[in-house]
Amino acid sequence: MNYQKLDAALATALNDIQDSKETSLEVFIHTEPILDSAATAVLKSLGVNDVTSGKDIFTATLSPNAISQLSEQPWVKYLKRSQQLRLVNKRIGMGILGV
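Residues numbered from 1 in each chain as written. Predicted model: local features only at pLDDT ≥ 70, side-chain atom pairs only at ≥ 80, totals over all residues. Heavy atoms only, no water.

I'd love a proper account of the overall build of the protein chain, names of residues and values included.
When its secondary structure is counted, the protein chain shows 4 helices and 3 strands. In the protein chain, the order of α-helices and β-strands from amino to carboxyl end is α-β-α-β-α-β-α. With 99 residues in all, the protein chain has 33% of them scored as buried. Sequence-distant contacts, at least 24 apart, represent 74% of the contacts inside the protein chain between residues at least 6 apart. Per element, the accessible surface of the protein chain, about 6,800 Å² overall, is 51% carbon and sulfur. (Helix = DSSP H or I, 4+ residues; strand = E, 2+ residues; numbered from the N terminus. Buried < 20%, exposed > 50% of the residue type's maximum accessible area, 1.4 Å probe, protein only. Contact = heavy atoms within 4.5 Å. Areas by Shrake-Rupley, 256 points an atom, 1.4 Å probe, with all protein chains shown as cover.)

Shown next, in the form of C-alpha cells:
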C-alpha cells in the first residue's frame with residue numbers, strides 16, 4: 001500500500017477494518033486525465049462505474065485490497081475517503097441565530 005496517496009481519513013478508516021476483502025469504503029479516485037486501456041480495465045475490474053476518457057475523478061465503494069491495489073498504480077494521483085452526508089436540522093430557533 002502506498003500511504004502517500006491516501007488522505008488521513010482513508011488511512012484511518014483502513015486501520016479500523018477487520019476484513020480486507022469487504023467492500024465497504026466509499027472513495028474518490030483521482031487519476032491522470034488521460035488513461036490508457038489498461039488503466040480503464042483496472043478501474044472497471046474493481047467495479048468503478050462511468051470510466052470514460054478525459055475524466056480524472058471517479059467514485060467507488062471499494063475493499064481495502066482494492067484500495068491497496070489502486071494506490072500502487074502510477075496513474076493514480078491520490079485516493080480520498082468520501083464522507084457520509086447528513087441532513088441538517090431545518091428547525092433553527094431565532095435565538096440561536098442571534099437575531
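Continuing now.
Quick rundown of the confidence of the model for the protein chain? Include the residues and the values.
When pLDDT is averaged across the protein chain, the result is 83; 82% of the residues are at 70 or more. Of all the helices and strands in the protein chain, helix α4 (residues 94–97) carries the lowest mean pLDDT, 54, while strand β3 (residues 76–81) carries the highest, 95. (pLDDT = per-residue confidence, 0-100.)

How would you sum up the environment of phenylalanine 28? Please name residues and give values.
Structurally, phenylalanine 28 can be placed in strand β1 (residues 25–31). Between the C-alpha atoms of phenylalanine 28 and leucine 79, which are 51 residues apart in sequence, the distance is 5.8 Å. Residues in contact with phenylalanine 28, not counting those within four places in the same chain, are Ile57, Phe58, Thr59, Tyr78, Leu79, Lys80, Arg81 and Ser82.

Tell me what's going on with the pattern of salt bridges, and back it up with residues and numbers.
Applying the stated criterion across every chain yields a total of 1 salt bridge. Measuring nitrogen to oxygen at the nearest pair gives 2.8 Å for the salt bridge that ties lysine 55 to aspartate 50. Taking relative accessible area as the criterion, lysine 55 reaches 25% and is therefore assigned partly exposed. (Salt bridge = Lys/Arg side-chain N within 4 Å of Asp/Glu carboxyl O.)

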